[in-house]
Amino acid sequence: MKNVAETIKNLRKSKSLTQFEFGKLFGYSARTVSDWEKGNTEPNIAAIKNIVKYFDITYEEFFGED
């Protein structure tokens with residue numbers, strides 16, 4: 001099962017976005033995105049909703065439950 005950190009990194013790379021660009025899309029800093037990708041922190045539910053909507057994926061896909 002994929003974890004949230006891996007999912008975020010894969011989604012970001014799928015659109016060839018830098019951590020800065022990804023963060024800017026959702027109102028977060030590159031540092032925050034880096035922390036998410038390293039598994040140091042996880043995005044809050046508002047961020048998850050926005051990411052899922054932007055990438056047009058299900059919550060199951062986001063959480064690796066596909």
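This one's a predicted model, so the numbers in the text were calculated from it and none came from an experiment.

Novice: I'd love a proper account of the pattern of salt bridges, names of residues and values included.
Specialist: Proximity of charged atoms lets side chains of opposite charge pair with each other. Under the counting rule described, the total for this entry stands at 2 salt bridges. Of the charged contacts, one joins Glu37 and Arg12 as a salt bridge, the two residues approaching to 2.5 Å between their closest N and O atoms. Here the residue Glu37 occupies a position in helix 3 (residues 30-38), and Arg12 occupies one in helix 1 (residues 4-14), the gap between them amounting to 25 residues. Since its relative accessible area comes to 9%, Arg12 is described here as buried. Here Asp35 and Arg31 are joined by a salt bridge, their closest N and O atoms 3.6 Å apart. On the criterion of helical spacing, the pair formed by Asp35 and Arg31 is a turn pair, its members being 4 residues apart in helix 3. Given the relative accessible area of 61%, Arg31 is considered exposed.

Novice: I'd like a rundown of the environment of Arg12, residues and numbers included.
Specialist: Taking the C-alpha atoms as reference, Arg12 lies 13 Å from Ile57; in sequence the two are 45 residues apart. Contact partners of Arg12, with chain neighbours within four places excluded, come to Leu17, Thr18, Gln19, Phe22, Val33, Glu37 and Phe55. Here the side chain of Arg12 touches Leu17 through a polar contact of 2.8 Å, landing on its backbone oxygen. Of note is the side chain of Arg12, whose polar atom sits 2.5 Å from the side chain of Glu37.

Each value, and the rule that gives it
- Residues numbered from 1 in each chain as written.
- Predicted model: local features only at pLDDT ≥ 70, side-chain atom pairs only at ≥ 80, totals over all residues.
- Heavy atoms only, no water.
- Salt bridge = Lys/Arg side-chain N within 4 Å of Asp/Glu carboxyl O.
- Helix = DSSP H or I, 4+ residues; strand = E, 2+ residues; numbered from the N terminus.
- Buried < 20%, exposed > 50% of the residue type's maximum accessible area, 1.4 Å probe, protein only.
- Contact = heavy atoms within 4.5 Å.
- Polar contact = N/O pair within 3.5 Å; in protein donor to acceptor, adjacent residues only side chain to side chain.

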